[in-house]
Amino acid sequence: MLVGVLALQGDIEEHRAALGDLGVESRPVRRADDLAGLDGIVLPGGESTTMSMLLESSGIADRLGKELASGLPAFGTCAGMILLASKILDGRPDQVCLQAIELVVRRNAFGRQVESFESELSVVGLEGGPMHAVFIRAPVVEEAGPDVEVLASVALGRGAGDDSLRPVVCRQGRVIVAAFHPELAGDGRLHKMLLDQVELEGD
Ligand code: GLN
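A quick note: this is a predicted structure, and the numbers were derived from the prediction, not measured. (Residues numbered from 1 in each chain as written. Predicted model: local features only at pLDDT ≥ 70, side-chain atom pairs only at ≥ 80, totals over all residues. Heavy atoms only, no water.)

Quick notes on the site of the ligand
Taken together, Gly45, Gly46, Glu47, Ser48, Cys78, Ala79, Ile82, Arg107, Asn108, Ile136, Arg137 and His181 make up all the residues around the ligand. The separation between a nitrogen atom of the ligand and a polar main-chain atom of Arg137 is 3.0 Å. Contact between the ligand and His181: a nitrogen atom at 2.8 Å from a side-chain N or O atom of the residue. With the chains in place, 96% of the 300 Å² that the ligand exposes on its own is no longer accessible. (Near = heavy atom within 4 Å. Polar contact = N/O pair within 3.5 Å; in protein donor to acceptor, adjacent residues only side chain to side chain. Areas by Shrake-Rupley, 256 points an atom, 1.4 Å probe, with all protein chains shown as cover.)

Structure below.
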């Protein structure tokens, strides 16, 4: 099994370490050709507008969009989740939107907690207790399509004048996203969920 980690910007090494801890080989994806032969891909946290520009200039955007449309399993955290969404609010007008999961996301929208907060999250389908979730300028899900499974949610926060629960871990078939950074907390359980999906595809 070979899993790519989009390696244009962001916390690339942390994701590669999480995959390594699960005994899986990873390849940094810096050019479109690096997508050849991958069984899955991880899109890291970082800055989605910067990654977006680099996705275009490297020629990866088009090819990755096609690979995702033809079923490449993917896991995106924070900025990676933004890139995989179907619509981005408060992004750059020309921001790349790979449309791999039916989510409308708003960048940097967790109210007064906009910079950073942490939470213990129960995630549907994960054994081993709650996940320690580190949110850093995280996106908020404004809408989720009918085929999106919401695996965990948190309250938006009073700073935003709204205490509604918002999805922070979602899945639509082969695509898994988290609004936070399990890779920074050394928790590989969502990476494992991606690998299980890749194994299923191989059967
Ligand atoms: N706010 C960042 C963005 O819009 C995401 C932050 C992160 O990945 N920690 O891309």
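Still more ground to cover, so stick around.
What to know about the packing of aromatic side chains
Under the counting rule described, the total for this entry stands at 4 aromatic pairs. Taken together, a centroid distance of 4.4 Å and an interplanar angle of 0 degrees make the contact between Phe117 and Phe135 stacked. You can see Phe117 sitting in strand 7 (residues 116–121) and its partner Phe135 sitting in strand 8 (residues 131–136), a full 18 residues away along the chain. No difference in accessibility class separates Phe117 from Phe135, as the two residues are buried. (Phe/Tyr/Trp six-rings, centres within 6.5 Å; stacked < 30°, edge-to-face > 60°. Helix = DSSP H or I, 4+ residues; strand = E, 2+ residues; numbered from the N terminus. Buried < 20%, exposed > 50% of the residue type's maximum accessible area, 1.4 Å probe, protein only.)

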